[in-house]
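In case you want the letters, here they are:
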2 protein chains.
Amino acid sequence: MSIILEPIGVIHTPFKAKDGMPIQSAGAKGVKGHIVLREELIPGLTDLDGFSHIIMIYHFHKSTGFELLTTPFLDNKQHGVFATRAPSRPNQLGISVVRLLKIEKNIIHIENVDMLDETPLLDIKPYIPDFDVHNTEKNGWFENNSDNLNETRSDKRFE
Amino acid sequence: MSIILEPIGVIHTPFKAKDGMPIQSAGAKGVKGHIVLREELIPGLTDLDGFSHIIMIYHFHKSTGFELLTTPFLDNKQHGVFATRAPSRPNQLGISVVRLLKIEKNIIHIENVDMLDETPLLDIKPYIPDFDVHNTEKNGWFENNSDNLNETRSDKRFE
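Residues numbered from 1 in each chain as written. Chains lettered and ligands numbered in written order. Predicted model: local features only at pLDDT ≥ 70, side-chain atom pairs only at ≥ 80, totals over all residues.

Student: So what about the pairing of strand S2 (residues 9–12) of chain A? Which residues, and what values?
Tutor: Residue and element names in this part refer to chain A. Judged by which residues are buried, S2 turns out to be one-sided: Gly9 and Ile11 face inward and are buried, whereas Val10 and His12, on the alternate face, are not. As paired strands, S2 and strand S3 (residues 32–37) are joined by four bridges and run antiparallel to one another. The residue bridging histidine 12 from the neighbouring strand is histidine 34, located in S3. Sheet topology note: the S2/strand S9 (residues 119–126) ladder contains three bridges and is antiparallel. Its bridge partner lying in S9, isoleucine 11 is registered against threonine 119. (Buried ≥ 20, exposed ≤ 12 C-beta atoms within 10 Å, placed from the backbone. Helix = DSSP H or I, 4+ residues; strand = E, 2+ residues; numbered from the N terminus. Pairing = 2+ DSSP bridges.)

Have a look at this one:
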């Protein structure tokens, strides 16, 4: 039972290659990009500019195939792919929360982008803390590796 | 340029019809469900049980078509569909954060489910506060309607 999706637009970012990309938007603070939405969908953006943050769902278009066990960038041990945010995963769906800067017709200016240039966009939703903020008790393998995220943010890859 | 997805499993919940469903997992506290994952994907769950919360991406399989302007359940005014979480949207993708209770082979027991029974599941990711919690300055039309979420939670639809 296949599901067929049509991109609603394209994401443009400074990242032309998979090497040297930020690890999540937490590692992409201040990096700007923009979405080019299909023009016929412009009415769907009405009132979106009232929100400071949006959720983007997109397709990891440069990922081909997947491994069920994978070693994420932030760890040196293998984990199940569903216990990671690795792009090489079944259905290759990615999500990111970015800051919404400005909307001009079908151009949506965003900040804290962590995806490849030319990434096909599948959906935009408003980020709503009442829905999207959760208190976790357990953060799995990430718990002992969050320091790596900070190191990643402070390395020289964006210079 | 279409993108073809294959569900990784099926979500089972107490909600057999679109009427009377909770509004987001915030309105579904304590409601239990389970995922039946495709058996060949079981290795992909390795170490997922270290996380207390998971993100599910799924297909609103009962939504047909969409309106670019829509009146969300929590408001009485129209907004652009991308400024809402309405299921009738381009590509009909839904996301929910649920509590992970237990994994038994390919059965994943979850809590705070807000989706229809038999919903096709497209991805599972760990919910990681360092990635997924954001401080918003503006919450758009939702700002003046969050009381409705509370009302919704306390009505009689789950009795």
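Student: Run through the sheet that holds strand S4 (residues 53–59) of chain B, naming residues and quoting values.
Tutor: All names here are of chain B. Strand order in the closed barrel made by the six strands is S2-S3-S8-S7-S4-S9, with antiparallel pairing throughout. When strand polarity is set aside, the average angle formed by the axes of neighbouring strands in this sheet is 45°. With five bridges connecting them, strand S7 (residues 93–104) and strand S8 (residues 107–111) associate as antiparallel partners. Bridge pairing links leucine 100 to isoleucine 110 in S8. (Axes fitted to C-alpha atoms, helices over the stretch in contact; angles between N-to-C directions.)

Student: Can you explain the interface of chain A and chain B? Please cite residues and give values.
Tutor: If you look at the interface, chain A gives 60 residues, while chain B gives 60 residues. If you list the elements that add at least two residues to the side of chain A that touches chain B, you get strand S1 (3–5), strand S4 (53–59), strand S6 (79–80), strand S7 (93–104), S9, helix H1 (129–132) and helix H2 (146–153) of chain A. Among the elements that take part in the side of chain A that touches chain B, S9(A) stands out by supplying six residues, more than any other. Residue composition of the side of chain A that touches chain B, by class: 34 nonpolar, 16 polar and ten charged. (Contact = placed C-beta atoms within 7 Å. Nonpolar A, V, L, I, M, F, W, Y, C, P; charged D, E, K, R; others polar.)

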